[in-house]
Structure formats: structure tokens, C-alpha cells
Amino acid sequence: MLNKIIEIAKEAGEIVKDGFQSKFEIDYKSNSTDLVTEYDKKVEAVIINFIRKEFPSHSILAEESGQSEKSSDFRWVIDPIDGTTNFAHGLPIFSVSIGVQRNGKTIFGVVNDVMMGTIYSAELGNGSYSNNTKLKVSSNYELKKSLLVTGFPYDLENYLPNISEKFSEFLLKSRAVRRLGSAAIDFCYIAAGVFDGYWEMNLYPWDMCAGKLIVEEAGGLVTNFSGKDIDIFSKEILATNGRIHSQMREILTS
Ligand code: IPD
Ligand code: CA
Ligand code: CA
């Protein structure tokens, strides 16, 4: 099954890559910062058609078309383009993210980092890989020497000033903080040991389903800000190499 997920994530990535920097339609969702392009819809339809053909009994939860519940144990959780704002502006940081759950537990995760040509994948209990290389989180214990990443929700005004307070504090207490604009890639870079810690509030299931498993299978830890276990419907996430988790948790809960 993992090979099938990788196959469709690659096919989807090719379509997104072809559309990059072309002329396409852009619509607005909840507000003027929350975009959707014709490619988000096109790619999602291609992925869903593939599932309907290969695994017709499986349920689907997809960002642009919502939920299609069947009586199956399996559910696919899809973000056709994670990093739509980047894609729409011609910034080459975006991904296709596909997670598969069995009875509510994520068993496969695949993220196609389209412009880097990297496929991140994980199977529950079998480790995480970037293309064919096994991934391992960083071994850094010190927040002061950590490279962190975060993201901001589209309805940012509802979370201020808390978001800017935490952002300032991490800026002062870490080596540096980045904001890439694709949650799925943020998770994969934790798994690969590039980033040491990632926090964000108000994520959606499709932003985190694949990425969470990829971090965990690389030896990392993913919880809410208080350090509690989460499922994909929990909005806030703290993903780290495990070693700086409590230092980040303290800041996020203070
Ligand atoms: C967004 C990206 C971004 C994160 C936002 C997400 P989208 O997803 O993952 O990094 O900060 O919270 O909504 O809209 O590009 O699929
Ligand atoms: Ca997303
Ligand atoms: Ca998206």
C-alpha cells in the first residue's frame, strides 16, 4: 500500500510542478489570505480518483472536497497542495501530503516535497525515509543551539497577541526561527534533523496526518503544547527531536 501512496503522491507532484509559475485561477476561502488555486482542486480530484479506483471501499478526508465516509477501517487524509500561498506567489516551497489511517491510527504517511524532488515516507513501526535514506531527528539538547520553525493560521487576528509573544520569546531563546509556509515540509525537516523544533496552532488534519507519523518514525515527539498525546484533529502541535521538547513546552504553556 505504501508504494501505491508514493505512486499517487508522485503523480500529483508532477501536476503541481507543471502548474508552478503558470497562469492559474485563484479563489478565496475563509478570507482574503486563505487562497485556493485551480491546481489544489485539480490535484485533489486526481488523488481521489486514484483512491476510488484502487481502494473503492476506503473513506477520504480531503482539504478541498471534505469528507466521504464509508464503512471501511481505512481513511485517507489528503492535502493536495500544502503551501498554497507559496505556490500562488511563485515561491518553490510546497508539498503534496497524504496520510492513511486504520481505525483512527495513522499507519502510512507520504509527503512529496515537490520542488526538491524528495519523497518523505513512513510506515508505522518501520521508520521514516527521504527517498531511500532512513531519517533520524537531530541530537541537539539545547534550545539556544536549535533551529526552530513555526507557521501562522489564516485567521491570525484571533490568536494575537499570544502568537507574537511566543514567536518573540523563541527568537530570543533559540538560534533562529523560520517560517516556510508548508506544515508538511516543516514536519519532514524535523524528521530529517534539519529543524530541532516546530510549533503551530490551528492546524487541520490534512496538515499534520502524514507529517506527524514521519516525525514519530524518525524518533521525534509530537504532542500538543502541554506535552499531551494528540490525534490529527487536535489543533495545536509541538513537534521536536524529543530532546528540546520540555524546553519548548515550558515557553508555550507559560
Ligand atoms: C497551510 C500551510 C502553512 C501553515 C498553515 C496551513 P495550506 O496549509 O501548511 O505552513 O502555517 O496553517 O493552513 O493552506 O497551504 O494547505
Ligand atoms: Ca495545509
Ligand atoms: Ca492545502
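The structure this text deals with has already been given above.
So, here is what we can say about the structure in this document.

Conventions and cut-offs
Residues numbered from 1 in each chain as written. Chains lettered and ligands numbered in written order. Predicted model: local features only at pLDDT ≥ 70, side-chain atom pairs only at ≥ 80, totals over all residues. Heavy atoms only, no water. Donors = N, O, S within 2.8 Å, 3.2 Å for Na, K, Ca; no water. Helix = DSSP H or I, 4+ residues; strand = E, 2+ residues; numbered from the N terminus. Buried < 20%, exposed > 50% of the residue type's maximum accessible area, 1.4 Å probe, protein only. Pairing = 2+ DSSP bridges. Near = heavy atom within 4 Å. Polar contact = N/O pair within 3.5 Å; in protein donor to acceptor, adjacent residues only side chain to side chain. Areas by Shrake-Rupley, 256 points an atom, 1.4 Å probe, with all protein chains shown as cover. Nonpolar A, V, L, I, M, F, W, Y, C, P; charged D, E, K, R; others polar.

## Things to note about the coordination of the calcium ion (ligand 3)
In this structure, E63 (OE), D79 (OD) and I81 (O) serve as the protein donors to the calcium ion (ligand 3), at separations of 2.2 to 2.3 Å. Counting residues between consecutive donors of the calcium ion (ligand 3) along the chain gives the motif E-x15-D-x1-I. Between the calcium ion (ligand 3) and the calcium ion (ligand 2) the interatomic distance amounts to 3.8 Å, and D79 serves as a bridging ligand to the pair. Taken as a pair, E63 in the loop between β3 (59-62) and β4 (66-68) and I81 in strand β5 (residues 74-82) lie far apart in primary sequence, 18 residues in all. On the basis of relative accessible area, E63 is assigned to the partly exposed category, the value being 22%. Residue I81 is classed as buried on the basis of its relative accessible area, which comes to 1%.

## Focus: the pairing of strand β13 (residues 197-200)
Sheet faces and side chains relate simply in a regular strand, where the side chains alternate between the two faces. Covered by surrounding structure in β13 are G197 and W199 together with Y198 and E200, the residues of both alternating faces. Note: strand β11 (residues 147-150) against β13, 3 bridges, orientation parallel. What sits directly across from T150, in β13, is W199.

## Observations regarding the coordination of the calcium ion (ligand 2)
Ligation of the calcium ion (ligand 2) by protein atoms is provided by D79 (OD), D82 (OD) and D207 (OD), these donors lying 2.1 to 2.2 Å from the ion. In terms of primary sequence, the donors binding the calcium ion (ligand 2) are separated according to D-x2-D-x124-D.

## Regarding the pairing of β5
Burial within β5 is extensive, with 9 of its 9 residues counted as buried. Note: β3 against β5, 4 bridges, orientation parallel. Paired with I60 across the strands is W76, a residue of β5. Examined bridge by bridge, β5 and strand β6 (residues 95-102) share 7 bridges and lie antiparallel to one another. Residue pairing for β6: R75 is matched across the bridge by Q101.

## A short note on the site of ligand 1
Of all residues adjacent to ligand 1, which total 16 residues, the nearest are D82, G83, T84, Y154 and E200. Contacts to ligand 1 include T84, whose backbone N or O atom sits 2.8 Å from an oxygen atom. Contacts to ligand 1 include Y154, whose side-chain N or O atom sits 2.6 Å from an oxygen atom. Look at ligand 1: alone it shows 380 Å² of surface, and the protein chains cover 96% of it. Counting residues per element, the shell around ligand 1 draws most heavily on β5, at 3 residues. Classifying every residue of the shell around ligand 1 gives 5 nonpolar, 5 polar and 6 charged.

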